[in-house]
Amino acid sequence: MKFDQKKIRLFAHVLTGIYFAACVWLYYQQSVAVLDESLANIPYQSDLPLHISMVIEDGWYYSFTAYVYRLLYWLCAGSTIGIAVFLAAVTAATVYMTELLVCRLWKRPADGVTLLLSLSLNFVMPVYLSFVGEFRYVSYQSGNIWHNSTYLCMRLMALATLLYYFKLEETYREGISAREWLTFALLNVVCTGIKPSFLLVYSPIVGLFLLADVIRKTPWKRVLTFGSALLPSGLVLLWQNQVLFGEDTGNGISFQPWYTFSLHASIVKGAAVCSVLFCVLVVLVKFRELVRERSSIFILLMSILGFLEAVCLVESGSRSVDGNFLWGYSFCIFVLFALCAVKWLQVGKGRVQGAVKLLLSAVYAWHLYCGLYFFMNLVTGASYWMR
(Lines give C-alpha, C1' and ligand atoms only; values in the text may rest on other atoms or scores of the structure.)
Protein backbone atom coordinates (compact mmCIF):
# COMPACT_ATOMS: atom_id res chain seq x y z
CA MET A 1 0.00 0.00 0.00
CA LYS A 2 1.52 3.32 -1.07
CA PHE A 3 0.99 6.59 0.72
CA ASP A 4 1.22 10.09 -0.71
CA GLN A 5 4.35 11.36 1.01
CA LYS A 6 3.60 14.98 0.12
CA LYS A 7 0.24 14.85 1.87
CA ILE A 8 1.75 13.09 4.89
CA ARG A 9 4.49 15.70 5.10
CA LEU A 10 1.96 18.54 4.81
CA PHE A 11 -0.04 16.94 7.63
CA ALA A 12 3.16 16.73 9.73
CA HIS A 13 3.89 20.41 9.04
CA VAL A 14 0.37 21.32 10.23
CA LEU A 15 0.80 19.27 13.40
CA THR A 16 4.14 20.96 14.05
CA GLY A 17 2.47 24.34 13.59
CA ILE A 18 -0.17 23.37 16.16
CA TYR A 19 2.63 22.23 18.47
CA PHE A 20 4.32 25.64 18.04
CA ALA A 21 1.10 27.49 18.91
CA ALA A 22 0.53 25.30 21.97
CA CYS A 23 4.10 25.99 23.12
CA VAL A 24 3.64 29.75 22.74
CA TRP A 25 0.65 29.49 25.08
CA LEU A 26 2.46 27.15 27.49
CA TYR A 27 5.69 29.15 27.74
CA TYR A 28 3.86 32.46 28.13
CA GLN A 29 1.73 31.06 30.95
CA GLN A 30 4.88 29.63 32.54
CA SER A 31 6.68 32.97 32.21
CA VAL A 32 4.00 34.89 34.13
CA ALA A 33 3.27 32.21 36.75
CA VAL A 34 3.73 33.45 40.31
CA LEU A 35 5.92 31.11 42.32
CA ASP A 36 5.76 31.02 46.10
CA GLU A 37 8.21 29.48 48.55
CA SER A 38 6.31 26.21 48.83
CA LEU A 39 6.27 25.61 45.05
CA ALA A 40 3.24 23.38 45.58
CA ASN A 41 0.24 23.06 43.24
CA ILE A 42 1.17 26.13 41.21
CA PRO A 43 -0.49 26.29 37.77
CA TYR A 44 2.07 26.30 34.96
CA GLN A 45 4.96 25.79 37.39
CA SER A 46 8.36 25.79 35.65
CA ASP A 47 11.91 27.14 35.91
CA LEU A 48 11.20 29.90 33.38
CA PRO A 49 10.11 32.68 35.81
CA LEU A 50 13.28 32.04 37.83
CA HIS A 51 15.47 32.15 34.71
CA ILE A 52 13.89 35.46 33.66
CA SER A 53 14.08 36.91 37.16
CA MET A 54 17.75 36.04 37.51
CA VAL A 55 18.46 38.11 34.39
CA ILE A 56 16.01 41.02 34.70
CA GLU A 57 16.05 41.51 38.47
CA ASP A 58 19.37 40.04 39.63
CA GLY A 59 21.53 40.67 36.55
CA TRP A 60 23.00 37.17 36.81
CA TYR A 61 24.10 36.04 33.35
CA TYR A 62 24.49 32.34 33.95
CA SER A 63 23.85 31.32 30.32
CA PHE A 64 23.97 32.77 26.80
CA THR A 65 20.17 32.58 26.84
CA ALA A 66 20.22 35.34 29.45
CA TYR A 67 21.34 37.88 26.84
CA VAL A 68 18.51 36.80 24.51
CA TYR A 69 15.95 37.10 27.31
CA ARG A 70 17.21 40.58 28.23
CA LEU A 71 16.93 41.75 24.61
CA LEU A 72 13.46 40.26 24.05
CA TYR A 73 12.20 41.63 27.36
CA TRP A 74 13.37 45.11 26.30
CA LEU A 75 11.95 44.82 22.76
CA CYS A 76 8.56 43.74 24.14
CA ALA A 77 8.44 46.64 26.62
CA GLY A 78 8.61 44.50 29.73
CA SER A 79 6.36 41.71 28.46
CA THR A 80 7.51 38.09 28.38
CA ILE A 81 5.61 37.24 25.18
CA GLY A 82 8.77 37.61 23.08
CA ILE A 83 10.56 35.07 25.26
CA ALA A 84 7.61 32.68 24.93
CA VAL A 85 7.58 32.96 21.12
CA PHE A 86 11.37 32.50 21.00
CA LEU A 87 11.22 29.32 23.09
CA ALA A 88 8.30 28.00 21.03
CA ALA A 89 10.30 28.62 17.85
CA VAL A 90 13.25 26.76 19.39
CA THR A 91 10.94 23.86 20.29
CA ALA A 92 9.44 23.67 16.79
CA ALA A 93 12.87 24.00 15.16
CA THR A 94 13.98 21.02 17.24
CA VAL A 95 11.44 18.88 15.38
CA TYR A 96 13.08 19.71 12.05
CA MET A 97 16.60 19.33 13.48
CA THR A 98 15.53 15.93 14.79
CA GLU A 99 14.48 15.04 11.25
CA LEU A 100 17.98 15.84 9.97
CA LEU A 101 19.38 13.40 12.53
CA VAL A 102 16.77 10.76 11.64
CA CYS A 103 17.56 11.09 7.92
CA ARG A 104 21.30 10.76 8.58
CA LEU A 105 20.88 7.69 10.77
CA TRP A 106 18.32 6.14 8.41
CA LYS A 107 20.20 7.16 5.24
CA ARG A 108 16.83 8.21 3.86
CA PRO A 109 15.74 11.52 2.30
CA ALA A 110 13.26 13.68 4.18
CA ASP A 111 9.63 12.78 3.55
CA GLY A 112 6.35 12.54 5.40
CA VAL A 113 7.41 9.52 7.43
CA THR A 114 10.67 11.06 8.64
CA LEU A 115 8.93 14.26 9.76
CA LEU A 116 6.10 12.43 11.54
CA LEU A 117 8.64 10.20 13.28
CA SER A 118 10.68 13.24 14.30
CA LEU A 119 7.61 14.96 15.67
CA SER A 120 6.74 11.88 17.72
CA LEU A 121 10.31 11.76 19.05
CA ASN A 122 9.70 15.21 20.52
CA PHE A 123 6.92 13.79 22.71
CA VAL A 124 8.10 10.37 23.90
CA MET A 125 8.53 10.15 27.66
CA PRO A 126 9.14 7.38 30.24
CA VAL A 127 6.52 4.67 30.49
CA TYR A 128 4.63 5.54 33.64
CA LEU A 129 4.01 3.00 36.39
CA SER A 130 2.80 4.66 39.58
CA PHE A 131 4.27 1.95 41.83
CA VAL A 132 7.71 2.49 40.24
CA GLY A 133 7.69 6.29 40.37
CA GLU A 134 4.94 8.54 41.69
CA PHE A 135 5.55 11.50 39.35
CA ARG A 136 5.34 11.15 35.57
CA TYR A 137 8.46 13.22 34.92
CA VAL A 138 10.26 13.90 38.21
CA SER A 139 10.48 10.22 39.21
CA TYR A 140 12.07 9.24 35.89
CA GLN A 141 14.51 10.59 33.29
CA SER A 142 13.35 12.04 29.98
CA GLY A 143 14.74 13.58 26.82
CA ASN A 144 11.62 15.72 26.39
CA ILE A 145 11.30 18.51 28.94
CA TRP A 146 9.13 21.63 28.68
CA HIS A 147 9.80 23.36 31.99
CA ASN A 148 13.49 24.26 31.61
CA SER A 149 14.28 26.86 28.96
CA THR A 150 18.06 26.44 28.93
CA TYR A 151 17.64 22.72 28.22
CA LEU A 152 15.29 23.48 25.33
CA CYS A 153 17.85 25.82 23.75
CA MET A 154 20.79 23.53 24.49
CA ARG A 155 19.03 20.54 22.93
CA LEU A 156 18.53 22.37 19.61
CA MET A 157 22.15 23.53 19.47
CA ALA A 158 23.43 20.14 20.64
CA LEU A 159 21.60 18.43 17.78
CA ALA A 160 23.16 20.88 15.31
CA THR A 161 26.61 20.34 16.84
CA LEU A 162 26.28 16.57 16.81
CA LEU A 163 25.12 16.55 13.20
CA TYR A 164 28.04 18.74 12.14
CA TYR A 165 30.43 16.51 14.05
CA PHE A 166 29.11 13.44 12.21
CA LYS A 167 29.55 15.28 8.91
CA LEU A 168 33.16 16.31 9.61
CA GLU A 169 34.05 12.99 11.19
CA GLU A 170 33.53 11.33 7.82
CA THR A 171 35.87 13.69 5.95
CA TYR A 172 38.38 15.24 8.36
CA ARG A 173 41.06 12.65 7.58
CA GLU A 174 41.46 14.33 4.19
CA GLY A 175 41.54 17.74 5.90
CA ILE A 176 38.99 20.37 6.96
CA SER A 177 38.78 23.96 5.79
CA ALA A 178 39.13 27.01 8.03
CA ARG A 179 35.42 27.69 7.52
CA GLU A 180 34.48 24.18 8.66
CA TRP A 181 36.76 24.46 11.70
CA LEU A 182 35.30 27.83 12.69
CA THR A 183 31.72 26.65 12.20
CA PHE A 184 32.33 23.56 14.31
CA ALA A 185 34.11 25.57 17.02
CA LEU A 186 31.31 28.16 17.09
CA LEU A 187 28.62 25.49 17.43
CA ASN A 188 30.48 23.98 20.38
CA VAL A 189 30.96 27.40 22.02
CA VAL A 190 27.32 28.46 21.67
CA CYS A 191 25.98 25.11 22.87
CA THR A 192 28.30 25.08 25.89
CA GLY A 193 27.48 28.72 26.69
CA ILE A 194 23.78 27.89 26.80
CA LYS A 195 24.27 24.91 29.10
CA PRO A 196 27.54 22.98 29.66
CA SER A 197 25.79 19.62 30.08
CA PHE A 198 26.17 18.53 26.44
CA LEU A 199 29.92 19.11 26.35
CA LEU A 200 30.37 16.93 29.43
CA VAL A 201 28.79 13.87 27.79
CA TYR A 202 29.94 14.48 24.22
CA SER A 203 33.54 15.74 24.30
CA PRO A 204 35.00 12.65 26.09
CA ILE A 205 33.53 10.40 23.39
CA VAL A 206 34.92 12.69 20.67
CA GLY A 207 38.30 12.33 22.38
CA LEU A 208 37.92 8.56 22.49
CA PHE A 209 37.17 8.40 18.77
CA LEU A 210 40.14 10.65 17.98
CA LEU A 211 42.40 8.42 20.08
CA ALA A 212 41.15 5.40 18.15
CA ASP A 213 42.02 7.20 14.91
CA VAL A 214 45.53 7.89 16.17
CA ILE A 215 45.94 4.19 16.90
CA ARG A 216 44.79 3.48 13.35
CA LYS A 217 47.63 5.72 12.08
CA THR A 218 45.52 8.76 11.15
CA PRO A 219 48.01 11.66 10.79
CA TRP A 220 48.50 13.56 14.04
CA LYS A 221 48.04 16.88 12.24
CA ARG A 222 44.52 15.91 11.10
CA VAL A 223 43.53 14.63 14.54
CA LEU A 224 44.84 17.68 16.40
CA THR A 225 43.25 20.12 13.95
CA PHE A 226 39.86 18.47 14.28
CA GLY A 227 40.06 18.06 18.04
CA SER A 228 41.27 21.62 18.62
CA ALA A 229 37.85 22.93 17.53
CA LEU A 230 36.59 21.89 20.99
CA LEU A 231 39.17 23.97 22.86
CA PRO A 232 37.28 27.32 22.69
CA SER A 233 34.24 25.66 24.29
CA GLY A 234 36.56 24.53 27.10
CA LEU A 235 37.19 28.21 27.90
CA VAL A 236 33.43 28.77 28.07
CA LEU A 237 33.20 25.79 30.42
CA LEU A 238 35.77 27.41 32.73
CA TRP A 239 33.61 30.55 32.82
CA GLN A 240 30.52 28.46 33.58
CA ASN A 241 32.42 26.64 36.32
CA GLN A 242 33.39 29.93 37.97
CA VAL A 243 29.80 31.21 37.85
CA LEU A 244 28.24 27.99 39.13
CA PHE A 245 30.95 26.56 41.40
CA GLY A 246 33.15 29.52 42.35
CA GLU A 247 34.38 29.79 45.95
CA ASP A 248 31.71 32.35 46.84
CA THR A 249 28.85 30.11 45.66
CA GLY A 250 29.30 27.38 48.27
CA ASN A 251 28.59 24.76 45.61
CA GLY A 252 30.71 21.85 44.47
CA ILE A 253 30.55 18.36 42.98
CA SER A 254 30.39 15.11 44.95
CA PHE A 255 30.30 11.40 44.12
CA GLN A 256 27.04 9.86 45.39
CA PRO A 257 25.85 6.92 43.25
CA TRP A 258 22.06 6.73 42.70
CA TYR A 259 21.37 9.72 44.99
CA THR A 260 19.60 11.88 42.38
CA PHE A 261 17.70 8.94 40.88
CA SER A 262 16.43 7.91 44.31
CA LEU A 263 15.00 11.28 45.35
CA HIS A 264 11.51 10.70 43.92
CA ALA A 265 11.35 7.07 42.72
CA SER A 266 9.99 4.12 44.69
CA ILE A 267 11.87 1.52 42.63
CA VAL A 268 14.97 3.41 41.54
CA LYS A 269 16.47 1.01 39.01
CA GLY A 270 13.00 0.20 37.70
CA ALA A 271 12.40 3.88 37.00
CA ALA A 272 15.73 4.07 35.16
CA VAL A 273 14.65 1.17 32.93
CA CYS A 274 11.14 2.55 32.38
CA SER A 275 12.71 5.80 31.18
CA VAL A 276 14.35 4.03 28.23
CA LEU A 277 12.43 0.75 27.96
CA PHE A 278 11.98 1.02 24.19
CA CYS A 279 15.68 1.77 23.71
CA VAL A 280 16.75 -1.16 25.88
CA LEU A 281 14.63 -3.56 23.82
CA VAL A 282 15.87 -2.18 20.48
CA VAL A 283 19.51 -2.40 21.56
CA LEU A 284 19.00 -6.03 22.60
CA VAL A 285 17.38 -6.85 19.25
CA LYS A 286 19.74 -4.85 16.99
CA PHE A 287 22.99 -4.93 18.98
CA ARG A 288 25.13 -6.57 16.30
CA GLU A 289 24.01 -4.05 13.72
CA LEU A 290 24.49 -1.10 16.05
CA VAL A 291 28.09 -1.92 16.93
CA ARG A 292 29.06 -1.99 13.23
CA GLU A 293 28.15 1.69 12.68
CA ARG A 294 30.37 4.53 13.94
CA SER A 295 27.51 6.96 14.55
CA SER A 296 25.55 4.31 16.46
CA ILE A 297 28.58 3.42 18.58
CA PHE A 298 29.11 7.12 19.32
CA ILE A 299 25.51 7.59 20.48
CA LEU A 300 25.59 4.42 22.59
CA LEU A 301 28.87 5.38 24.29
CA MET A 302 27.65 8.94 24.86
CA SER A 303 24.45 7.56 26.42
CA ILE A 304 26.40 5.26 28.72
CA LEU A 305 28.64 8.13 29.82
CA GLY A 306 25.62 10.40 30.33
CA PHE A 307 23.96 7.73 32.44
CA LEU A 308 27.06 7.24 34.59
CA GLU A 309 27.43 10.99 35.15
CA ALA A 310 23.75 11.31 36.08
CA VAL A 311 23.90 8.30 38.42
CA CYS A 312 27.14 9.15 40.18
CA LEU A 313 27.60 12.94 40.27
CA VAL A 314 25.71 15.33 42.54
CA GLU A 315 26.09 19.02 43.24
CA SER A 316 26.92 19.75 46.84
CA GLY A 317 25.53 22.84 48.55
CA SER A 318 22.23 24.59 47.87
CA ARG A 319 21.63 22.78 44.56
CA SER A 320 22.16 19.24 45.87
CA VAL A 321 18.59 18.16 45.11
CA ASP A 322 18.26 19.97 41.76
CA GLY A 323 19.61 17.07 39.68
CA ASN A 324 21.60 19.30 37.34
CA PHE A 325 23.77 16.41 36.16
CA LEU A 326 20.65 14.90 34.59
CA TRP A 327 20.55 17.40 31.71
CA GLY A 328 23.36 15.78 29.73
CA TYR A 329 21.77 12.37 30.14
CA SER A 330 18.41 13.81 29.10
CA PHE A 331 19.91 14.86 25.77
CA CYS A 332 21.50 11.42 25.40
CA ILE A 333 18.09 9.81 25.93
CA PHE A 334 16.61 12.07 23.25
CA VAL A 335 19.25 11.07 20.69
CA LEU A 336 19.16 7.42 21.74
CA PHE A 337 15.41 7.32 21.10
CA ALA A 338 16.03 8.74 17.61
CA LEU A 339 18.61 6.04 16.85
CA CYS A 340 16.44 3.25 18.24
CA ALA A 341 13.32 4.48 16.42
CA VAL A 342 15.19 4.24 13.12
CA LYS A 343 16.37 0.72 13.93
CA TRP A 344 12.84 -0.25 14.96
CA LEU A 345 11.46 0.80 11.58
CA GLN A 346 14.27 -1.11 9.84
CA VAL A 347 13.28 -4.44 11.39
CA GLY A 348 12.72 -6.83 8.48
CA LYS A 349 9.79 -8.99 7.50
CA GLY A 350 9.02 -12.52 8.63
CA ARG A 351 7.01 -14.16 11.39
CA VAL A 352 9.56 -13.69 14.19
CA GLN A 353 10.67 -10.26 13.04
CA GLY A 354 7.04 -9.22 12.63
CA ALA A 355 6.31 -10.22 16.22
CA VAL A 356 9.39 -8.33 17.43
CA LYS A 357 8.38 -5.23 15.47
CA LEU A 358 4.85 -5.41 16.88
CA LEU A 359 6.21 -5.59 20.42
CA LEU A 360 8.53 -2.65 19.81
CA SER A 361 5.66 -0.70 18.24
CA ALA A 362 3.52 -1.26 21.32
CA VAL A 363 6.28 -0.10 23.67
CA TYR A 364 7.02 2.98 21.53
CA ALA A 365 3.31 3.80 21.48
CA TRP A 366 3.29 3.55 25.29
CA HIS A 367 6.18 6.03 25.54
CA LEU A 368 4.42 8.34 23.08
CA TYR A 369 1.08 8.17 24.90
CA CYS A 370 2.75 9.06 28.20
CA GLY A 371 4.46 12.03 26.59
CA LEU A 372 1.34 13.35 24.85
CA TYR A 373 -0.70 12.95 28.04
CA PHE A 374 1.94 14.83 30.03
CA PHE A 375 2.25 17.64 27.48
CA MET A 376 -1.50 18.17 27.13
CA ASN A 377 -1.79 18.44 30.89
CA LEU A 378 1.05 20.97 30.99
CA VAL A 379 -0.75 23.09 28.37
CA THR A 380 -3.89 23.11 30.52
CA GLY A 381 -2.02 24.26 33.60
CA ALA A 382 -0.50 21.22 35.32
CA SER A 383 2.84 21.42 37.07
CA TYR A 384 5.73 19.29 35.85
CA TRP A 385 5.38 17.52 39.21
CA MET A 386 2.10 15.97 38.01
CA ARG A 387 1.24 12.36 38.80
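Computed from a predicted structure; not experimentally measured.

## Looking at the nonpolar core
- Among the nonpolar cores identified, the biggest contains 117 residues, and Tyr27, Trp146, Tyr202, Phe278, Phe298, Met302 and Phe331 are the most heavily contacted of them.
- Among the elements that make up this core, the one with the highest residue count is helix 14 (residues 326-345) (16 residues).
- Setting aside residues up to four positions removed in sequence, Tyr27 forms contacts with Leu48, Ala84, Leu87, Ala88, Thr91, Trp146 and Leu152.

## Describing helix 1 (residues 5-32)
- In this model, helix 1 (28 residues) spans 41 Å end to end at C-alpha, consistent with the 40 Å of a helix rising 1.5 Å per residue.
- Every buried residue belonging to helix 1 is among Ile8, Ala12, Thr16, Tyr19, Ala22, Cys23, Val24, Leu26, Tyr27, Gln29, Gln30 and Ser31, and all of these are buried.
- Buried residues along helix 1 sit in contact with helix 2 (48-56), helix 4 (81-106), helix 5 (112-121), helix 6 (149-171) and helix 15 (351-379).
- Taking the backbone nitrogen of Lys6 as reference, a side-chain oxygen 3.0 Å away marks Asp4 as the first, capping residue of helix 1.

## What about the layout of surface pockets?
- Of the voids in this model, the second largest pocket is the one considered here, and its volume is about 320 Å³.
- As for the second largest pocket, its lining consists of 13 residues, of which Val276, Val280, Ile304, Tyr329 and Leu336 are closest to the centre.
- Listed by contribution, the elements that provide at least two residues to the lining of the second largest pocket are helix 11 (268-275), helix 12 (277-290), helix 13 (294-312) and helix 14.
- Looking at the lining of the second largest pocket, the element that brings in the most residues is helix 13, giving 4 residues.
- Its residues assigned to classes, the lining of the second largest pocket shows 12 nonpolar, 1 polar and no charged.

## As for the packing of aromatic side chains
- What the rule picks out here adds up to 33 aromatic pairs.
- An angle of 35° between the planes, with centres 6.2 Å apart, marks the rings of Trp146 and Phe374 as tilted. Placement of Trp146 in the loop between helix 5 and helix 6 and of Phe374 in helix 15 is noted, with a sequence separation of 228 residues between them. Of the two residues, Trp146 and Phe374, neither departs from the other in class, the shared state being buried.
- Ring geometry for Tyr151 and Trp327: centres 5.7 Å apart, planes at 35°, overall tilted. Residue Tyr151 is located in helix 6, and its partner Trp327 is located in helix 14; the two are separated by 176 residues in the primary sequence. As far as burial versus exposure is concerned, Tyr151 and Trp327 are alike and both buried.

## Brief notes about a nonpolar patch on the surface
- Among the surface-exposed residues, Leu208, Leu211, Ile215, Leu301, Ile304 and Leu308 lie close enough to one another that they form a single nonpolar patch of about 550 Å² accessible area.
- Broken down by secondary-structure element, the contributors of at least two residues to the nonpolar patch are helix 8 (197-215) and helix 13.
- Relative to the elements of secondary structure, Leu208 occurs in helix 8.
- Note on Leu208: relative accessible area 43%, which makes it partly exposed.

What counts, and at which threshold
Residues numbered from 1 in each chain as written. Predicted model: local features only at pLDDT ≥ 70, side-chain atom pairs only at ≥ 80, totals over all residues. Heavy atoms only, no water. Core = buried A, V, L, I, M, F, W, Y, C linked by side-chain atoms within 4.5 Å. Buried < 20%, exposed > 50% of the residue type's maximum accessible area, 1.4 Å probe, protein only. Helix = DSSP H or I, 4+ residues; strand = E, 2+ residues; numbered from the N terminus. Contact = heavy atoms within 4.5 Å. Expected span 1.5 Å × (residues − 1). Polar contact = N/O pair within 3.5 Å; in protein donor to acceptor, adjacent residues only side chain to side chain. 1 Å grid on protein atoms, 1.4 Å probe; cavity = no way out; pocket = protein on both sides within 12 Å on 5 of 7 lines; lining within 4 Å. Points joined across faces, edges and corners; volume = space filled by probe spheres on them. Nonpolar A, V, L, I, M, F, W, Y, C, P; charged D, E, K, R; others polar. Phe/Tyr/Trp six-rings, centres within 6.5 Å; stacked < 30°, edge-to-face > 60°. Patch = residues over 30% accessible without salt bridge, like charges linked within 9 Å, V, L, I, M, F, W, Y side chains within 5 Å. Areas by Shrake-Rupley, 256 points an atom, 1.4 Å probe, with all protein chains shown as cover. Salt bridge = Lys/Arg side-chain N within 4 Å of Asp/Glu carboxyl O.

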